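In case you want the letters, here they are:
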Amino acid sequence: MDIHFPMFEKPFGEGFTHPGTFNGQWVIGGKPDYLESISPIDGSLIGRVSLTTEIEYEETIHKAREAFLAWRKIPAPKRGEIVRQMGLRFRDYKESLGKLITLEMGKILPEGEGEVQELIDIADFAVGLSRQLYGMTTHSERPHHRLYEQWHPLGPVGIITAFNFPVAVFGWNAMIALVCGDTLIWKPSSKTPLSAVAVVRVMEEVLKENEMPEGVVNLVIGSGSTIGELMTRDPEIPLISATGSVRMGKYVAKTVAERLGRTILELGGNNGVILMEDTDMELALQAVLFGAVGTAGQRCTTIRRLMVHEAILENFTDRLVRAYKSIQVGDPFEKRTLMGPLIDADAVRQFEKAIAQIEKEGGKILTGGKVLKSGDYAKGFYVEPTLVMAHPDMSVIKQETFAPILYILPFKTLEEAIVLHNAVPQGLSSAMFTKNLLHAETFLGPEGSDCGIANINIGTSGAEIGGAFGGEKETGGGREAGSDAWKAYMRRQTCTINWGQDMPLAQGIQFGSGCTT
Ligand code: UN1
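Definitions and cut-offs
- Residues numbered from 1 in each chain as written.
- Predicted model: local features only at pLDDT ≥ 70, side-chain atom pairs only at ≥ 80, totals over all residues.
- Heavy atoms only, no water.
- Pairing = 2+ DSSP bridges.
- Helix = DSSP H or I, 4+ residues; strand = E, 2+ residues; numbered from the N terminus.
- Axes fitted to C-alpha atoms, helices over the stretch in contact; angles between N-to-C directions.
- Expected span 1.5 Å × (residues − 1).
- Buried < 20%, exposed > 50% of the residue type's maximum accessible area, 1.4 Å probe, protein only.
- Domains from an automatic or database assignment.
- Contact = heavy atoms within 4.5 Å.
- Buried area = accessible area lost by both parts, 1.4 Å probe.
- Salt bridge = Lys/Arg side-chain N within 4 Å of Asp/Glu carboxyl O.

J.: When you look at the sheet that holds strand S26 (residues 490-498) in this model, what are you seeing that I'm missing?
T.: Through backbone hydrogen bonds, the strands of a sheet pair up, either in parallel or in antiparallel fashion. As summarised here, the arrangement of the three strands in space is S6-S7-S26, forming an open sheet in which the pairing is antiparallel. Strand pairing shows two members of the sheet lacking a second neighbour, strand S6 (137-139) and S26, which therefore form its edges. Strand-to-strand, the axes of this sheet are offset by a mean angle of 20°, without reference to chain direction. Here strand S7 (residues 145-153) runs beside S26; their pairing, made up of nine bridges, is antiparallel.

And the structure:
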């Protein structure tokens with residue numbers, strides 16, 4: 001695979017090794033343990049990355065803390081200027097980064113490049129934001145007093161990301177946190193370490209060219225139980241932003257809460273789309289295909305449940321089955337391919353487990369359901385995109401299986417559809433297809449979708465960076481990326497200034513009138 005990063009001296013493959021720890025310098029200990037990066041496309045070795053040791057971690061967090069003391073003093077628009085240059089540099093490497101994501105994660109190339117675009121977009125957003133970290137003023141109840149709030153940098157921010165968006169989700173956190181004046185300690189997924197190394201090397205170029213202090217951007221690589229544990233317990237990290245499973249999120253939430261730290265959690269999704277009887281079938285078909293099959297069903301925003309009005313059930317299902325059967329599964333670098341592999345053997349096992357449960361619970365597999373093992377598929381982790389006619393009592397529809405399995409659930413009334421829609425523990429993204437304003441507004445109203453994202457006439461995935469991204473219930477409640485998500489990366493300070501000659505107390509309290517001063 002021809003991927004061009006001038007900073008990597010060696011080509012990927014058997015001989016490629018790289019330090020996994022960056023704290024201004026790439027650090028590698030005497031006898032390091034290595035993590036292998038395996039391509040899900042054919043199981044081949046892309047390269048090895050050294051695992052961060054506890055000593056290296058301590059050194060890194062120390063540097064992140066020291067760098068914070070300097071970084072926080074740089075005016076926000078100047079920090080924005082550094083991020084602007086990073087955005088330009090990401091553009092230079094868009095093709096290479098996109099290819100590396102495809103190679104290491106397995107999403108098709110347009111999605112790999114799309115993910116880099118998401119990183120570029122959030123960098124651009126953060127540049128503008130660096131001049132808009134605004135606070136409000138309000139009127140004091142006391143004469144000659146001014147009351148206002150301002151936002152200050154928070155400290156080193158821990159960013160824990162998942163394999164499915166090895167670059168973009170880091171970007172949402174990192175670009176915003178950087179303009180907010182925070183330094184970063186990034187722990188990427190152990191399944192996609194090289195995408196992380198490449199992104200950090202691009203950022204390193206810009207930081208060095210601008211003679212920024214070491215420790216503004218840091219990378220640590222290791223498992224959740226080693227490095228993740230050190231980060232979540234570390235009082236030097238006031239905020240941990242974590243993306244991943246509900247199980248991981250519950251552990252992170254508890255551990256960080258024990259030291260009264262803050263978290264931003266972006267956990268599981270089990271996203272539903274309601275197709276009303278006046279659905280524009282052509283639009284819905286396109287949206288459902290991208291939303292359910294795109295990224296091989298491994299987005300947290302993937303469409304997993306499709307609630308279809310009985311009046312269009314047969315027609316829409318037939319069309320969907322036909323479309324599913326025409327989907328090309330295979331090498332994600334091939335132009336014709338719409339669906340690449342799952343991330344690893346364990347993901348295939350989870351798929352098989354879900355299929356067994358579907359069968360046990362009386363779901364009808366309309367198409368798909370099998371693991372692809374022969375020929376070109378033999379060495380990678382490929383499965384068929386799967387459509388299931390389901391019923392509401394099935395327990396498998398309540399869980400997030402990170403695979404391309406879509407459950408169809410028929411309904412008769414809007415009320416029934418909304419109850420069905422909300423009857424899962426997760427609450428990330430949701431959508432309705434309709435031309436009826438009353439139905440759309442009901443879905444978007446307080447008794448409608450209970451998710452953090454609710455769309456009309458588009459799918460659940462592929463959110464733009466301009467909005468706040470995140471969800472309710474077991475999704476964790478965090479918000480990242482655009483809108484005012486930046487506030488979570490700063491500390492709010494309420495200030496009252498007395499510019500008068502007297503000392504009036506709030507709430508009209510008279511105190512000390514009986515004593516002599
Ligand atoms: C994720 O799957 O964790 O909305 C993030 C989307 C993408 C990001 C998904 N912009 O599908």
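Here the narrative resumes.
J.: Explain helix H5 (residues 168-179) to me, please; I cannot follow it from the model alone.
T.: An α-helical turn contains 3.6 residues, so a residue and the one three or four places further along point in the same direction. The terminal C-alpha atoms of H5 lie 17 Å apart, and with 12 residues this matches the ideal 16 Å at 1.5 Å per residue to within 8%. Of all 12 residues in H5, 12 are buried; the element is thus mostly enclosed. Among all positions of H5, only Ala168, Val169, Phe170, Gly171, Trp172, Asn173, Ala174, Met175, Ile176, Ala177, Leu178 and Val179 are buried. Looking one or two residues beyond H5, the residue adopting positive phi is glycine 181, at roughly 95°.

J.: Explain the domain arrangement of the chain here, please?
T.: The accessible area lost on association of the parts is a frequent measure of interface size. Here the chain is described as being made up of domain 1 (17-267 + 476-493) and domain 2 (271-464). Placing a centre on the C-alpha atoms of domain 1 and another on those of domain 2 gives a separation of 31 Å. Taken together, the contacts link 22 residues of domain 1 with 25 residues of domain 2. Between domain 1 and domain 2, the buried area comes to about 1,900 Å², and carbon and sulfur atoms account for 63% of it.

J.: Explanation requested: the pattern of salt bridges in the structure shown.
T.: Where charged atoms from two side chains of opposite charge come close, those side chains can pair. On inspection of all chains with the given rule, the structure shows 24 salt bridges. One salt bridge in this structure joins glutamate 214 and lysine 63, with 2.8 Å as the shortest N-O distance. Of this pair, glutamate 214 sits in the loop between helix H6 (193-209) and strand S10 (217-219) while lysine 63 sits in helix H1 (residues 54-71), and the two are 151 residues apart along the sequence. On the accessibility criterion, glutamate 214 (35% relative accessible area) is partly exposed. Glutamate 236 serves as the salt-bridge partner of arginine 65, at 3.7 Å between the closest nitrogen and oxygen. Here glutamate 236 lies in the loop between helix H7 (224-233) and strand S11 (239-243) and arginine 65 lies in helix H1, a separation of 171 residues in the sequence. Residue classification places arginine 65 among the partly exposed residues on the basis of a relative accessible area of 29%.

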